[in-house]
Every structure is written in structure tokens, then in C-alpha cells.
Amino acid sequence: MTAALLTLALLAADLRTPPVMIGVVLDDASRRTRLSATHGIEALGGRVVHAFDEVLVAEVPRGAELSVYRVEGVREVALNALARRSGPRSPGLSAWNAIATIGQLGENASGAEPLIHDALIPPALDLDAAGATVRAATGGTNLNTSEYLAGSVSVTIVLLESDGTGDTSTENWSADREAAVVAEIAEGLEWVRLREPQAALAFKYTVIPGRTDARARTRYEPIRRAADPGGTTGEDLWVKEVLGKLGYASGDRFARSRAFAAARRAVDGSDWGLTVFVVDSLNDADGKFADGRFAYTWIGGPHVVMTFDNQAWGIDRLDMVLRHELFHAFYAYDEYGGSGCTCTEHRGYLDGTGANCTSCNASALPCVMINNGDAMCASTRRQIGWADLDGDGVLDVVGEDPDTFLDAMASTWCSPPAVSGLAAVVAPTNRNPSTVTPRASISINEIVGVDVRADGGAWVPAQVQGPLPTAQRRFAASLGDLAPGPHRLEARAVDDRGNLDATPSAADVVVAAAAAPLGDSMRGERTEAGLLRFTWSSVPGAVGYRVLRAGSPQGTWSAAGETAETAWTDAAASDGYFIVRGIDACGVEGSDGP
Ligand SMILES: [Zn+2]
């Protein structure tokens, strides 16, 4: 094999090499340190996929792992999992261990009860009362906090702690069990992330432990009560109370929870926001609320409710329960018989049907929405937005080509033509028949560049304004020296998913040519009225002609007149010497020689 071929073979191998997952311990838990480290990892071609206050889990290109040590804000890099579930744990470190060892426990559903009616429809929205404010051009409203499962998700984990001021307190969190809950949630979300690379999921976690944070303390002991999601004796009491302490004290629990999720999302700069309320159940006999519930979700968000034990699923399988509940928040249906599912019901951003419902489909596959298992059916995928219905090879929710709009520009150019304009992402159409949240069409894509070209030539990058990608960006470019004559200029936007504007914005312009010399076509005659009249042939590049006069051939030439025609009569009737020069579109005189 020649050296060149060997190099090519190595290059091809590199392209196929999957990225390396690493755990990164930060210098401190500050937002500033986290952002600094995140940007440093991105500069190495990596991507943070789980972000905790003090730990980042990132995918980095193979070979770049060691460079992460030098990123500002990074204290330690873990290339392999630390020992699972041993020693004192921070939530982030525990989560990294769970993510790094995902799938190694061989978890299954044995011995556990199925979920029962765990997907709940929240009360109808009163949009006026709810105050649906539009976020950005293609960002939906503050009420659209979990519409389709792609991009970044802010996950806020509230670990409720009873303070004994109302109900008798029978449960008390410990640091280890808090960390275990966070680790299991992260493990469940990592499982979800790995199911669809095109969704490019990333999660940002905020943990609010009632043990150490008074805002998550409640006068009730939630596990001793019914969850009563439809009434006022359970969730309504403690969710409202805790969200009030977190600063969301107006409206019912849904209004508060939606506002909280939207605010967490805004702080993190995420695409979506979801809150998971976890109720301690260690000392409870069955790990269930008094009404038998142990995990459920409000469809379309804004939150999930779980117990520590999740009945007999246990803390080690909380990840399995969580991923099922997450899908509900993003509009997935249940598929188990007891859920009341039908094979014709349909909803979700891409309007997916419930064809895998076991009640009506005898060959339904044992998927995640049936028994929290390890398989994902096509039905669920479409309900949460993971479908390529237009067949362009990209999930529809992130697959819309961006638009490009050239500003109005001069049709004739005397200097190298310059273009400017706006590039904008295009939101995929929201086809969700559900009215649980406003049916806003939302794009999570970002403009990362604009290409320009002349006459079908090679695309070259334009300058785009602003340091960060956004849904809309202005751009400007010069097309360089183009030969005189007509040209077609084009611009196309490029987004962060690699979508290109397939119908670039175009403008037809003319680069002015210099007026050609008149040569010897000029003729003079005297009219009947005795005036001098000149005629000449038109020349390329001339939009008009200037007649110059001098008293002698060596004298000073001065303008005697201008015309757009190819004839001119000297009204001054003055004798002298005359020449005519073409004037180009830029007002420049041509030469008068042949
Ligand atoms: Zn369910």
C-alpha cells in the first residue's frame, strides 16, 4: 500500500470513530466556571450533553480527551467511570458514573407493577389568563416548554422534604439518596439521548434538595397522602407551596409550574424545560402514594411526579420509569392495555398515532411506553417528534431548510457588487391536535453561516453579524471583482443542523462596462438653419454621450453638450473642433481614439 493510500485509510477510520464520553469535574459550581469549561470543550470540537453544577458529561473527538485538562475551569477529567455507588457522592459525579456504566446492570421490569393511568391531561389553558408571551421569532411561547424532544432541555429536580409543621414527617432525604435520584434520572435521559443522535439532545440539570434548601420543604408529608392529581388534597398542596417558595406564587399549580419551567429554560438558554418532583418514599411500605400512584406526568408538561422507590421498580430502576414519563411530557401516549389507549388516537408535534396500543394491536411490540422497557417503537418516536416524514434524511422537527433574504440592491454596479441581507431558520409546522399548549410552530435551529456566490460559481462564506448563533442573523459580503456585464448573485443560509437554503435568494445585477471609443463613426453637417449637427454610431458600454469642443485641436476641450441619443445639434452655432465620447453607467467618459 502506498503512503497516500494509507493516509486516506486512516482518515476514513477517523471519520467513523465515535466520540469519547468523558466526565469533567469543574473547579467550582459557579455558572461562570461551567460556561467557561463548556465553551472550552466546544472549541475542541466537543459537546456537553449533561451539565450539572459541578460536573459536565461531554462527547469529545477521539484524541481530544487529554486537551480537556487544559480547558479553563476544568479540575479533573474522568475518562472511565468511577466506582459505581460507593463513597460520598455529589449528584453530578453520581450521574457521570451512572451514564458511564449505562446498560451494565441488565435492568428489566421483573417484579414491578405496571404504571396505571400515568399520563394526565392538564386542565384547558385560558390563554389570556396564562399570559402566553412569544419568546422569539420562531421560539413559540413561554407555555411551550416541552413540544418535541430535540435540542437542549433544562431538567429541574425538586426533592421535596417534609418539615413536620403540618403532617407528621416520616421521610428524610440523605445526601446519598439525593445523588442516587439525580444519577438515575440522568441515566434515563442518557438512554433517551442515545436512541436518536439526530435529536442532538443535551440536558442541563438543576437540583433543589429540600434537605438543604428550605424552598423545597413542605408542611405536608406527600407520600402519606394521595397524590390526587385531579383534586386538591395531594399534589395541589405541595407543588403549589414549593413553587410559591421558589418565587412562583401566582395562579394555580399549572400556571406556577409552567412559569417555573419557562424561567429555568431562559436562565439556561435551553430549548425546553421540565420539572421532576420527587417525593421520598424510603420508609413507606409500598413506595406509592395513598391512592396507589407512584409516577405520572402532565401531558405536554410542565412536570413529572415520582416517588423515590417507584413502587417495586426501586431506586435502581428509576431511570426506566423516568424515561417513560419524559416521553409523556413530550406528548407520547401510553401503550399498555390498562391505560385506555386506542390505535387511532393521535397527537404530538408530528401528529403520531397510537398504533402500538396493546388493546387493539395484537402484535404490539414490548416498547418503552408499555412496560418502561428497552425498545422504542415507531409510534412513540413520531409522537415525540422523531420522524422524517418528508424523507429528506433529517428529522422533520430539525430538518426545515433556512430562508435567505437579500436586501434590495442597485441593479448596476460601478464597483465590485456587495450584498447584504437576513438569514432565518424556518419552523417546522406544529401539527399537534392537542390544545394542552398553544399550537406554536417552533424552530430550535440556529443560523451558523451564509454562503454567497456569483454566476453559479463556488460558494464563499459571507460575514455574519453577532458572535453567537441565533434564529436570525444579518449578513454582508462583497463578491469581488467581476467582469463587466450581467451577473447573478446568490446567498444561502446554513443552520447548525447542516440544513441549507435549497432555493437561494438571488439578484441580477450588471457590472458597468467602460464606454467603448467611438472610432471614426462621427459625421458633421450643417443644417438648413445653419447649425452644426453631428451624428455617430452607438458604442458598447455607453449610456450617453458627451460632446466636447475646442477652439483648436491643441486647445482646451470643454463640454458643449450631453445627449442619450446618437445625434447632437450645436444650438450655440459656434465654429470649432468637436469630439464625442461615450459615458458609461458610472458617469465615466470613454476615450475618443479609434
Ligand atoms: Zn405512561
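Each remark here, short or long, concerns the structure printed above.
Source: prediction; values computed, not measured.

**Observations concerning the pattern of salt bridges**
In a structure, side chains of opposite charge can pair up when their charged atoms sit close to one another.
Link 1 in the chain: A complete count under the given rule lists 24 salt bridges for this structure.
Link 2 in the chain: Here E196 ties to R381 by a salt bridge, and the two come within 2.4 Å at their closest N and O atoms. Here R381 lies in helix α10 (residues 378-383) and E196 lies in the loop between α5 (175-195) and β7 (202-209), a separation of 185 residues in the sequence.
Link 3 in the chain: For E525, the salt bridge identified is with R533, shortest N-O distance 3.6 Å.
Link 4 in the chain: What makes E525 partly exposed here is its relative accessible area of 45%.
Link 5 in the chain: By relative accessible area, R533 is classed as partly exposed at 29%.

**Section: a negative patch on the surface**
Link 1 in the chain: Residues D388, D390, D392, D401 and D403 make up a contiguous surface patch of negative charge.
Link 2 in the chain: Structurally, D388 can be placed in the loop between α10 and β14 (403-406).

**What to know about the layout of surface pockets**
Link 1 in the chain: Reported here for the largest pocket is a volume of approximately 1,700 Å³.
Link 2 in the chain: Lining the largest pocket are 44 residues, and of these E42, S152, G269, D271 and E446 lie nearest its centre.
Link 3 in the chain: Where the lining of the largest pocket is concerned, the elements lending two or more residues are α2 (31-43), β2 (47-51), β6 (152-162), β7 and α7 (253-268).
Link 4 in the chain: Of the residues forming the lining of the largest pocket, the biggest block, 6 residues, is contributed by α2.
Link 5 in the chain: Counted by class, the lining of the largest pocket contains 19 nonpolar, 13 polar and 12 charged residues.

**Structural notes on the state of the cysteines**
Link 1 in the chain: According to the stated counting rule, one finds 4 disulfides in the structure shown.
Link 2 in the chain: Disulfide pairing is shown between C414 and C586; the S-S distance is 1.6 Å. Handedness of the C414-C586 disulfide follows from its S-S torsion of about -105°: it is left-handed. In this pair, C414 sits in the loop between β15 (412-413) and β16 (418-424) while C586 sits in the segment after β28 (577-583), placing the two residues 172 residues apart along the sequence.
Link 3 in the chain: Shown here for the chain is a disulfide pattern of 1-3, 2-4, 5-6, 7-8, where each number marks a bonded cysteine counted in sequence order.

**Brief notes about the sheet that holds strand β27 (residues 567-570)**
Paired through their backbone hydrogen bonds, the strands of a sheet run either parallel or antiparallel.
Link 1 in the chain: As summarised here, the arrangement of the 3 strands in space is β23-β24-β27, forming an open sheet in which the pairing is antiparallel. A single partner strand is all that each edge strand has here, and the edge strands are β23 (523-526) and β27. For this sheet, the mean angle separating the axes of adjacent strands, direction not counted, is 20°.
Link 2 in the chain: Pairing between strand β24 (residues 532-535) and β27: 4 bridges, direction antiparallel. Residue pairing in the sheet places L532 in a bridge with D570 of β27.

**What about the packing of aromatic side chains?**
Link 1 in the chain: Across all of its chains, the model carries 15 aromatic pairs by this definition.
Link 2 in the chain: Ring centres of W173 and F308 lie 5.8 Å apart, and the angle between their planes is 85°; this geometry places the pair in the edge-to-face category. Residue W173 is located in the loop between β6 and α5, and its partner F308 is located in the loop between β11 (303-307) and α8 (318-329); the two are separated by 135 residues in the primary sequence. Of the two residues, W173 and F308, neither departs from the other in class, the shared state being buried.
Link 3 in the chain: Ring-pair connections join several aromatic residues into one group, and the members of that group are Y148, W272, F330 and Y349.
Link 4 in the chain: The ring of Y296 has R293 sitting right over it, with the charged end atom 5.4 Å from the ring centre.
Link 5 in the chain: For the cation-ring pair, R347 lies above Y333, with the distance from its terminal atom to the ring centre recorded as 3.7 Å.

**What about the sheet that holds strand β19 (residues 463-464)?**
Link 1 in the chain: Here we have 4 strands laid out as an open sheet, ordered β14-β16-β20-β19, and antiparallel in their pairing. At either end of the open sheet lies a strand with only one pairing partner, and these are β14 and β19.
Link 2 in the chain: Sheet topology places β14 next to β16; 4 bridges connect them, and they run antiparallel. Within β16, the residue paired with F405 across the bridge is L422.

Rules used in this analysis
Residues numbered from 1 in each chain as written. Predicted model: local features only at pLDDT ≥ 70, side-chain atom pairs only at ≥ 80, totals over all residues. Heavy atoms only, no water. Salt bridge = Lys/Arg side-chain N within 4 Å of Asp/Glu carboxyl O. Helix = DSSP H or I, 4+ residues; strand = E, 2+ residues; numbered from the N terminus. Buried < 20%, exposed > 50% of the residue type's maximum accessible area, 1.4 Å probe, protein only. Patch = residues over 30% accessible without salt bridge, like charges linked within 9 Å, V, L, I, M, F, W, Y side chains within 5 Å. Areas by Shrake-Rupley, 256 points an atom, 1.4 Å probe, with all protein chains shown as cover. Lys, Arg positive; Asp, Glu negative; His and termini not counted. Charge placed at Lys NZ, Arg CZ, Asp CG, Glu CD. 1 Å grid on protein atoms, 1.4 Å probe; cavity = no way out; pocket = protein on both sides within 12 Å on 5 of 7 lines; lining within 4 Å. Points joined across faces, edges and corners; volume = space filled by probe spheres on them. Nonpolar A, V, L, I, M, F, W, Y, C, P; charged D, E, K, R; others polar. Disulfide = S-S within 2.5 Å. Pairing = 2+ DSSP bridges. Axes fitted to C-alpha atoms, helices over the stretch in contact; angles between N-to-C directions. Phe/Tyr/Trp six-rings, centres within 6.5 Å; stacked < 30°, edge-to-face > 60°. Lys NZ or Arg CZ within 6 Å of the ring centre and 35° of its normal.

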